[in-house]
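Topology and contacts: notes
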Amino acid sequence: MEDDYNLPIDLLNKKEEKINKKEIIDRAAAIQKTLYLFGADGEVVNVSVGNLMTRYCVQPAVGTKIKTIKNLKQDLQYALGAERIELNVDGRKQIIAIDIPNKKPQKLCLGNCIDKLKDETYKIPLIIGQDLNGEIVVEDLTKLPNLLITGTTGTGKSNLLSSFVIDILYHSVPKEVKLALIDTRATNFTKFNEISHLLIPTVIDSRRATSFIAWLIQESYNRNNLFAKKNVDDFDDYNAVAKLKLPRIVVMIEDFYDLVSGTNGEIEVELIQLINISRKVGINIIISTVRPSREVITGQIKVNIPARLTFKVASQIDSRTVIDVAGAEDLLTQGDILFIKTGEREPKRIQTPYISDEEIEKIVAAIKNNNQNEDIQERNKIVEEINTYGKDQAEEENKNLFKDDPLIDEAINYVIREGQASTSIIQRRFKVGYKRAGRIIDQMEERGIISGYYGSKPRKVLINKDDESVESDDNIECKENEDKEEQKINVRNQVKQKKLINKDSIFGKWWFWVLSIIFIYIVLKNL
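I will try to describe carefully the structure that is included in this document. (Residues numbered from 1 in each chain as written. Predicted model: local features only at pLDDT ≥ 70, side-chain atom pairs only at ≥ 80, totals over all residues. Heavy atoms only, no water.)

**A look at the overall build of the chain**
Within the chain, the secondary structure is distributed over 17 helices and 15 strands. Relative to its 527 residues, the chain shows a buried fraction of 46%. Considering only intrachain contacts with a sequence separation of at least 6, the fraction spanning at least 24 residues in the chain is 64%. Element-wise, carbon and sulfur atoms account for 49% of the exposed surface of the chain, whose accessible area totals about 29600 Å². (Helix = DSSP H or I, 4+ residues; strand = E, 2+ residues; numbered from the N terminus. Buried < 20%, exposed > 50% of the residue type's maximum accessible area, 1.4 Å probe, protein only. Contact = heavy atoms within 4.5 Å. Areas by Shrake-Rupley, 256 points an atom, 1.4 Å probe, with all protein chains shown as cover.)

**A few points about a positive patch on the surface**
Residues Lys15, Lys18, Lys104 and Lys107 make up a contiguous surface patch of positive charge. A relative accessible area of 40% places lysine 15 in the partly exposed class. (Patch = residues over 30% accessible without salt bridge, like charges linked within 9 Å, V, L, I, M, F, W, Y side chains within 5 Å. Salt bridge = Lys/Arg side-chain N within 4 Å of Asp/Glu carboxyl O. Lys, Arg positive; Asp, Glu negative; His and termini not counted. Charge placed at Lys NZ, Arg CZ, Asp CG, Glu CD.)

**Looking at unusual backbone geometry**
Most peptide bonds adopt trans geometry, and most residues besides glycine take a negative phi value. Following leucine 144, the chain continues to proline 145 via a peptide bond in cis, the omega torsion being -5 degrees. Within the chain, aspartate 324 stands out as a residue other than glycine whose phi angle is a positive 70 degrees. Mapped onto the fold, aspartate 324 is located in the loop between helix H10 (316-323) and strand E13 (336-340).

**Things to note about the sheet that holds E13**
Paired through backbone hydrogen bonds, the strands of a sheet run either parallel or antiparallel to each other. Taking strand neighbours across the sheet as the criterion, the nine strands line up as E7-E6-E14-E13-E12-E8-E11-E10-E9 in an open arrangement whose pairing is mixed. Edge positions in the open sheet fall to strand E7 (136-140) and strand E9 (177-183), since each of these has one partner strand only. Strand-to-strand twist of the sheet, defined as the mean angle between neighbouring strand axes without regard to direction, takes the value 30 degrees. Where strand E12 (residues 308-310) lies against E13, three bridges are found, and the strand directions are antiparallel. The residue bridging leucine 309 from the neighbouring strand is phenylalanine 339, located in E13. On top of the sheet, helix H5 (residues 206-230) reaches E9, strand E10 (248-254) and strand E11 (283-289); it is set at about 155 degrees to E9, its chief contact. In the packing of H10 onto the sheet, contacts are made with strand E8 (147-150), E12 and E13, and the angle to E12 comes to roughly 160 degrees. (Pairing = 2+ DSSP bridges. Axes fitted to C-alpha atoms, helices over the stretch in contact; angles between N-to-C directions.)

**Comments concerning the side chain of arginine 223**
Turning to its location among the elements, arginine 223 is positioned in helix H5. Those residues within four positions of arginine 223 in sequence are excluded, and the remaining contacts are Phe235, Leu246, Pro247, Ile249, Val281 and Gly282.

**A look at the packing of aromatic side chains**
All chains considered together, the criterion is met by three aromatic pairs. Between phenylalanine 212 and tryptophan 215, the aromatic rings sit 6.1 Å apart at their centres with planes inclined by 10 degrees, giving stacked as the arrangement. Taken together, the residues phenylalanine 212 and tryptophan 215, both in helix H5 and three residues apart, mark about one turn of the helix. The same class applies to phenylalanine 212 and to tryptophan 215, which are both buried. Seen from their ring centres, phenylalanine 227 and tyrosine 238 are 5.3 Å apart, and the 45 degrees between their planes marks the pair as tilted. In this pair, phenylalanine 227 is assigned in helix H5 and tyrosine 238 in helix H6 (residues 235-241), connecting sequence segments 11 residues apart. By relative accessible area, tyrosine 238 is classed as buried at 7%. Lying across the ring of tyrosine 354, lysine 107 places its NZ or CZ 4.1 Å from the centre. (Phe/Tyr/Trp six-rings, centres within 6.5 Å; stacked < 30°, edge-to-face > 60°. Lys NZ or Arg CZ within 6 Å of the ring centre and 35° of its normal.)

**As for the sheet that holds strand E2 (residues 53-60)**
On the basis of which strands lie adjacent, the open sheet formed by four strands has the order E1-E2-E4-E3 and antiparallel pairing. Each of the sheet's edge strands pairs with one partner strand only, and the pair in question is strand E1 (42-49) and strand E3 (86-90). Neighbouring strand axes in the sheet, compared pairwise and without regard to direction, differ in orientation by 25 degrees on average. Bridging between E3 and strand E4 (residues 95-101) involves five bridges; their strand directions are antiparallel. By the bridge assignment, valine 89 is partnered in E4 with isoleucine 96. Contacting E1, E2 and E4, helix H1 (residues 21-37) runs over the sheet at an angle of about 150 degrees to E1.

**Notes on the packing of H1 against helix H3 (residues 73-80)**
The N-to-C vectors of H1 and H3 enclose an angle of 140 degrees; their axes lie 10 Å apart at closest approach. Judged by the inter-axis angle, H1 sits oblique to H3. Relative to H3, the crossing made by H1 is right-handed. Of the residues in H3, those in contact with Arg27, Ala30, Ile31, Thr34 and Leu35 of H1 are Asp75, Leu76, Ala79 and Leu80. Grouping the constituent residues of the contact of H1 with H3 by class yields six nonpolar, one polar and two charged. (Parallel < 35°, antiparallel > 145°, perpendicular 65-115°, else oblique. Left-handed = near helix turned anticlockwise from the far one by under 90°. Nonpolar A, V, L, I, M, F, W, Y, C, P; charged D, E, K, R; others polar.)

**Here's the deal with the pairing of E8**
Every second residue of E8 is oriented toward a common face, with Leu147 and Ile149 on one face and Leu148 and Thr150 on the other, all of them buried. Summarising the sheet, E8 and E11 pair through four bridges and their orientation is parallel. Following the sheet pairing, leucine 147 is matched in E11 by isoleucine 286. Two strands pair when backbone bridges link them, and E8 and E12 are joined in this way by three bridges, in the parallel orientation. Note on E12: the bridge partner recorded for leucine 148 is arginine 308.

Next up, the structure:
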């Protein structure tokens with residue numbers, strides 16, 4: 001039924017923008033008046049009205065310094081009665097853009113943007129939203145090729161991911177693009193379980209997610225082997241010559257922090273490995289996280305995902321962690337983002353589209369009805385392979401539990417050379433999972449290479465670079481106790497010796513003292 005696959009656009013809501021002309025005229029006049037009063041003449045030459053923000057384009061008068069206008073930011077904010085404003089210089093248009101939040105913000109409906117997906121040059125189009133100039137921003141995921149989304153709770157991350165799913169459903173048939181949805185909190189993606197675009201049902205278990213990422217890595221290697229047989233380099237070249245075409249796979253992860261916590265960090269290494277090889281084989285990844293800290297968004301994640309999008313975050317530090325510049329901490333509460341990708345120096349401010357649960361239910365029902373004869377054998381086959389892989393992985397871990405790890409000698413040399421040891425260090429250095437790194441640490445402890453576990457304190461390396469043993473804290477404590485016992489024994493011996501000496505000498509005899517007293521008495525009497 002692929003040829004009959006069609007989603008009517010009228011399933012999505014459309015909403016006409018309500019423009020408050022009086023508010024626009026009043027604010028434009030207030031801007032010009034404030035500039036004139038402070039001796040910085042300028043004219044509002046254009047106004048771009050958005051749902052969240054309105055941009056007033058000011059052209060400075062001849063002889064007016066740009067710095068003078070920028071220094072009036074607080075005065076303009078006071079005159080306009082706005083919570084915050086942003087001033088940006090557009091040298092290409094020779095204007096100063098003053099962005100002011102609307103008094104009554106409106107949502108941007110996805111139905112107002114969906115027509116932009118008709119462009120046939122896009123392979124996997126994603127509607128990012130509407131910029132401050134009123135233009136709809138659409139990005140091709142295959143060119144990004146991966147995307148990182150962050151923001152605090154309630155800013156619109158989950159809704160944006162849902163709109164991305166709808167974008168793909170409207171643009172591509174199931175044989176062209178397959179979706180792999182991972183949602184360990186089971187709060188967002190489970191409503192898409194009945195669509196035929198799914199590679200497997202929504203993954204809601206963290207251990208199963210680890211097995212699935214491992215399956216994707218193996219699938220990437222399998223696809224590379226197919227490319228080699230056809231003497232082609234990438235996904236598009238292969239599909240151009242192959243009779244049985246491969247589908248693209250889009251992996252979406254809802255709350256990466258929750259997933260990393262559920263797997264003790266083990267999945268992060270495997271995910272980075274997948275990202276490194278995925279683009280060439282037609283696999284693209286979108287990651288969302290509610291916690292934009294350096295523990296979650298590591299250097300490896302940022303290097304491998306240059307396209308990043310952030311909603312409002314808690315602090316300037318979080319903003320710099322994600323997009324390398326401040327600003328995300330000042331965004332509006334819902335649907336307001338900063339987006340940056342490779343080749344752009346500064347992030348672009350955009351309002352994301354909104355889609356309601358009712359619209360999603362209609363679309364899922366339409367796909368379900370149009371694809372009643374959808375063949376699910378391939379899906380079941382993949383699920384069985386993932387289950388088998390998970391069992392094999394668990395059995396392998398149990399077999400290796402009591403065996404020395406093949407990397408143990410190399411790991412020992414490394415920690416001795418560096419003088420420090422921890423599970424995270426072994427993970428980063430040898431690109432292994434959390435469990436395996438933990439086993440290597442345990443085996444080094446059993447061999448006496450490192451000290452035992454002391455809570456939050458780091459383990460000490462007990463062997464130095466010259467292979468000389470370094471005493472552990474326990475051994476030092478034992479030796480100190482032995483030295484104290486020896487000192488006590490020596491003191492007792494000395495006391496005993498003194499007593500023996502005193503007992504054997506003449507001064508220890510009773511008759512000596514009697515005779516001495518008598519002698520002293522006789523002498524004194526004669527005197």
